[in-house]
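# What the coordinates show
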Amino acid sequence: MSDKNTPDTDTPDTEVDGQAKKGRPTPKRKDQEAARRRPVVADTKADKKAQRERQRLQREKEFQAMREGDERNMPYEHRGPERRFLRDYVDARTSPGEFLLPMSIVFVIASLAVPANSWAGLALIVLFYVIVIGVAIDTWLMIRRLKKLFIAKFGAKRIPRGWTFYIIARHLNVRRFRAPKPVVKRGEFPV
């Protein structure tokens, strides 16, 4: 037999005493294994290069889709009506969380200009902590509100895995730099 599923048609089977004869000697196992031996990948260098190129093109396609809002070509973690609802809700809000990073840069520069052991330095540090605590409270309230809306719309079983981190990361990012790109305007909350 040349293959496990197809019989060898080169030599006719002959029947002697009710036994089928194949008309040739059984090949040695070592010879059969040597005949089947071939490299898994013919040219590993070229295959790796081609694979890297395919991956680069896929990432480029996904990144372009995230910039344009084309959900069909986005990475899997951004697809689906559930993720779109979460994104749209966060994008419709104007919150202090999206201004936290720029404000922290301003506070770092201001703290370099103001002496730390003065009243102005202490006031600057207290103001920064008050803003951070305010953003944390706002984020916590947004998560609770969004979870209630999500369950009312989709049900508790359809909450995506990692959704809390997903919306916190989006909430604390400046709107212009969010990916996927926001598709709703401020105040246009999803229904």
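Just above, that's the structure.
Residues numbered from 1 in each chain as written. Predicted model: local features only at pLDDT ≥ 70, side-chain atom pairs only at ≥ 80, totals over all residues. Heavy atoms only, no water.

## Section: the environment of Thr-26
Here Thr-26 shows up in the loop between strand 2 (19-21) and helix 1 (29-36). When its relative accessible area of 59% is taken as the criterion, Thr-26 is described as exposed. (Helix = DSSP H or I, 4+ residues; strand = E, 2+ residues; numbered from the N terminus. Buried < 20%, exposed > 50% of the residue type's maximum accessible area, 1.4 Å probe, protein only.)

## Quick word on the pattern of salt bridges
In total, this model carries nine salt bridges according to the counting rule given. The partner of Arg-93 in a salt bridge is Asp-138, with the nearest N and O atoms 3.0 Å apart. Taken together, the residues span a long stretch of sequence, with Arg-93 in the loop between helix 3 (81-92) and helix 4 (100-113) and Asp-138 in helix 5 (residues 119-154) at a distance of 45 residues. Shared partners join several salt bridges into a network, and the residues in it are Asp-91, Glu-98, Arg-170, Arg-178 and Arg-186. (Salt bridge = Lys/Arg side-chain N within 4 Å of Asp/Glu carboxyl O.)

## Observations regarding a nonpolar patch on the surface
Judged by side-chain polarity, Ile-125, Tyr-129, Ile-133, Ile-137, Trp-140 and Leu-141 come together as a nonpolar surface patch covering roughly 620 Å² of accessible area. Secondary-structure assignment places Ile-125 in helix 5. A relative accessible area of 42% means that Ile-125 is categorised as partly exposed. (Patch = residues over 30% accessible without salt bridge, like charges linked within 9 Å, V, L, I, M, F, W, Y side chains within 5 Å. Areas by Shrake-Rupley, 256 points an atom, 1.4 Å probe, with all protein chains shown as cover.)

## Description of unusual backbone geometry
Here Ala-179 and Pro-180 are connected by a cis peptide whose omega angle stands at -5 degrees. Here Pro-180 is to be found in the segment after helix 6 (163-171).

## As for the packing of aromatic side chains
Across all of its chains, the model carries six aromatic pairs by this definition. Ring centres 4.8 Å apart and planes at 40 degrees place the aromatic pair Phe-150 and Phe-154 in the tilted group. Of this pair, Phe-150 and Phe-154 both sit in helix 5, separated by four residues, roughly a single helical turn. Neither Phe-150 nor Phe-154 differs from the other in exposure class; each is buried. A connected cluster of aromatic rings, assembled from ring pairs, spans Phe-85, Phe-150 and Phe-154. (Phe/Tyr/Trp six-rings, centres within 6.5 Å; stacked < 30°, edge-to-face > 60°.)

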